[in-house]
There are 2 protein chains.
Amino acid sequence: MNIINGGVTAAKGYKASGVEAGIKYSNRKDMALVYSEKPATVAGTFTTNVVKASPVIWDKKLVESGNPVRAVVLNSGIANACTGSIGDEYNLWMADEMAKALSINVDEVCTASTGVIGMQLKKEPIAKGCVMLADTMADTYEAGTLAAEAIMTTDTVSKQCAASFEVDGVTVTVGGMSKGSGMIHPNMATMLCVITTDAVITKELLQTALSDVVKESFNMISVDRDTSTNDTALLLANGEAGNKVIDKKDENYEKFVECLKYVCVTLAKIMAADGEGATKLLEVKVINASCKEDASVLAKSVITSNLVKTAVYGSDANWGRILCALGYSGKEFDPYLVDIIIESVIGSLKLVENGISTDYSEEFATKILADSEVTVICDMKSGNEEATAWGCDLTYDYVKINGDYRS
Amino acid sequence: MNIINGGVTAAKGYKASGVEAGIKYSNRKDMALVYSEKPATVAGTFTTNVVKASPVIWDKKLVESGNPVRAVVLNSGIANACTGSIGDEYNLWMADEMAKALSINVDEVCTASTGVIGMQLKKEPIAKGCVMLADTMADTYEAGTLAAEAIMTTDTVSKQCAASFEVDGVTVTVGGMSKGSGMIHPNMATMLCVITTDAVITKELLQTALSDVVKESFNMISVDRDTSTNDTALLLANGEAGNKVIDKKDENYEKFVECLKYVCVTLAKIMAADGEGATKLLEVKVINASCKEDASVLAKSVITSNLVKTAVYGSDANWGRILCALGYSGKEFDPYLVDIIIESVIGSLKLVENGISTDYSEEFATKILADSEVTVICDMKSGNEEATAWGCDLTYDYVKINGDYRS
């Protein structure tokens, strides 16, 4: 696998754009387009929230139909969630405006929205935005970057990455962009993500690959345990690489999954580190658990604990809160087997051995935790399975951003 | 039912005390005693955390034995959690010191601890504290208050209340005290609670009453979703009222439950309002749900949402977050049936009708939410069951307190 600089335009046959349509805020890009020159097979994963935004309902239909798509139009001003049947009509209208501007069919256009809940879309800026998106789209790195910037809300950095691999001498590329900063929690965060690939791959394997990879990437990050109404990850495959079709779970499929996982985990980690108000990326690795499900649940329990998150913010090696969070995860284990280790570029330190405090240096522990990327390893010593979750610290700024988000 | 001023010494035949033993901090009361002159039947509910503190393990044994107890000794300096077999020995030693000071048996002494996790108890101050507790105990209101004060950690107010009722002309009293401020979450918060009653009641009904009432009081509060290692609620009944024994689920049992529920809900609400860093008590009522379980899960999902909690802190009527939190609770419902109303002493306002925003005044909504006690009503319109949960806003001070708790 070869890591490359880029995002949704890295793979062959894709264009993108990002513009200021003025949907809710001025002087901010708020609409983005990802366009495939050829019809693309599409896979998707969506929020598990009972309350689903209109674009989620629309995209699910398109993905389930099995028909190829050509474009994804995204807006980052208004979420179009909790907007009733009018919201559905407005979403369809947005897809249609984009389709007209691109001279394609409405059911070839996926949609995604993020922003304020409960407000209806505004037709005038969106109509104008769709035309601007079509007029300015390009297959360059810069165009992909503009798109990644245009989907940001409270994000402080734009998020994109790409990688490629070889299938019998043919280069296949996977690239993606995402947004997400608050309302971030496993089972699809308030995140929008569009990934493009030029791979030739069957619809079925494309969906399987995405569903499997999402479990170990986007579904393992948490900023605040709030699972949003709009979470969407779309994966388009237009076949422009011309590789031998990936139609079974062979070596080539594994290479594709590895590459897709790199893209998804990288985006997930950038999102976690950019969590609202975050000053640190927190990684929780549960190792030697008795089964994969336990490892995953235990890791998520620690990553979502407000008390762990505030302790990490304060660089306080409060391992009792980590063991406590493992304990209320709902999974059974023997506390007196557990080791807890903290790590950063500064070094590594075992805080707990067999459930009891080691005689560690609080000073060194604080130094390790003061770094901007901190890993907590929980060794359950009861099996061979592991899982990793990513999150961030809980800070004054999280409270500030969310105490006054709408104004 | 008659609400009375008092706590653990309100019922007949109980003494209490609270002293400065100097276990971890100086100039702070840190040990408390509740003593019954006659052997008392005891019921208990405990943390569901896999990681259980030594006193929890000890108390569970005593409660399960069915034998009466005479005393509860509590310390608020060191939690004695994650302390291994040495922690168990130290806990037994503490019970024994208390038993010797009171001239009773060690298995008549329940224990409770709260404070820092992972540290071993200190023998010298505790031995001294036990003697001081026995020497100073009294059956007065003031003695009960000293005990309530001595179990505080990050609590800003001491918590006690009492009520009485009549059984065939005989007055029966129930009174209690509790502590809890952080690590507060359903399934027993980091809370210690001791309730005393002079009722004559069977062991079986005493436990049933406590278990049922805890579900609708302590298990419906949440400050930060962290279920602690030490949660303990003990209910002692010494029979000193001399009422006709309550041995079946008749009218007298119902009166007892009503009185116990008043005490537990009152303590639960004071704990929620005193959540770490809280500026407001938040009450979430889910009404007209299809079943009790759904009502309870939906109410807890809203009360625990960091995004709802920060919005309440900012007095922002961000109802989208409320509907979103209902949506990810794991319970199915039709979002387009839901009404959301906010209430405080300022007034009442419907924000959402049938899942869609009403044309409400943001200014009036902000005024309602600016009060120190705010209620959110979620009308599911799909049945007749309801549940209420209590919590608080998420503030800068929560982060401050927990970013630097141990130092």
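Everything here concerns the structure above.
Once a new chain begins, its residue numbering starts again from 1 and follows that chain's sequence as written. Whichever chain is written first is A, and whichever ligand is written first is 1; the rest continue in order. Local features in this predicted model are restricted to residues of pLDDT 70 or higher, and side-chain atom pairs are both shown and tallied only at a pLDDT of 80 or more, whereas totals for entire chains, interfaces and linings draw on every residue. Only heavy atoms go into the side-chain values, all of them from the structure, while hydrogens and water stay out.

**Student:** Which residues make up unusual backbone geometry, and what values do they have?
**Tutor:** Here the phi dihedral of Cys-82 of chain A falls at roughly 60°; this positive angle occurs in a residue that is not glycine. In this structure, Cys-82 of chain A sits in the loop between β4 (69–75) and α2 (84–102). The backbone of Ser-103 of chain B sits at a positive phi, close to 55°, despite the residue not being glycine. One can find Ser-103 of chain B in the loop between α2 (84–102) and β5 (109–113). Counting from the N terminus, the helices are the DSSP runs of H or I reaching at least four residues and the strands are the DSSP runs of E reaching at least two.

**Student:** Help me get a handle on the pairing of strand β3 (residues 31–46) of chain B, residues and values and all.
**Tutor:** Residue and element names in this part refer to chain B. The classification of residues rests on relative accessible area computed with a 1.4 Å probe and restricted to protein chains. Under 20% of the type maximum is buried, over 50% is exposed, and intermediate values are partly exposed. With 12 of 16 residues buried, β3 lies mostly within the body of the structure. One ladder, built from six bridges, connects strand β2 (residues 14–19) with β3; its direction is antiparallel. Within the sheet, the bridge partner assigned to Gly-18 lies in β3 and is Ala-32. Bridge analysis of β3 against strand β4 (residues 69–75) gives six bridges, and the strand direction is antiparallel. Residue Val-34 lies in a different strand from β4, and its bridge partner there is Val-72. We treat two strands as partners when DSSP finds at least two bridges between them.

**Student:** So, the layout of surface pockets: which residues are in play, and what are the values?
**Tutor:** It is a probe the size of a water molecule, rolled over the atoms, that shows where empty space is left. All names here are of chain B. The volume enclosed by the second largest pocket comes to roughly 550 Å³. The set of elements that each furnish at least two residues to the lining of the second largest pocket consists of α5 (203–216), α6 (251–273), α7 (292–303) and β16 (385–392). Of the residues forming the lining of the second largest pocket, the biggest block, six residues, is contributed by α6. Method remark: on a 1 Å grid restricted to protein atoms, a set of points is classed as a cavity if a 1.4 Å probe fits but cannot get out and as a pocket if it is open with protein on both sides within 12 Å along at least five of seven lines; lining residues have an atom within 4 Å of a point. Grid points are joined across faces, edges and corners, and a volume is the space filled by probe spheres set on the points.

**Student:** For the packing of aromatic side chains, give the residues involved together with the corresponding values.
**Tutor:** Residue and element names in this part refer to chain A. The criterion for an aromatic pair is that two Phe, Tyr or Trp rings (for Trp, the six-membered ring) have centres within 6.5 Å, with stacked assigned to planes under 30 degrees apart, edge-to-face to planes over 60 apart and tilted to the rest. All chains considered together, the criterion is met by five aromatic pairs over all chains. Here the aromatic rings of Tyr-313 and Tyr-396 are separated by 5.8 Å at their centres, their planes lie at 85°, and the arrangement is edge-to-face. Linking Tyr-313 in helix α8 (residues 306–313) with Tyr-396 in helix α11 (residues 396–403), this pair joins segments that are 83 residues apart in sequence. For Tyr-396, a relative accessible area of 28% translates into the label partly exposed.

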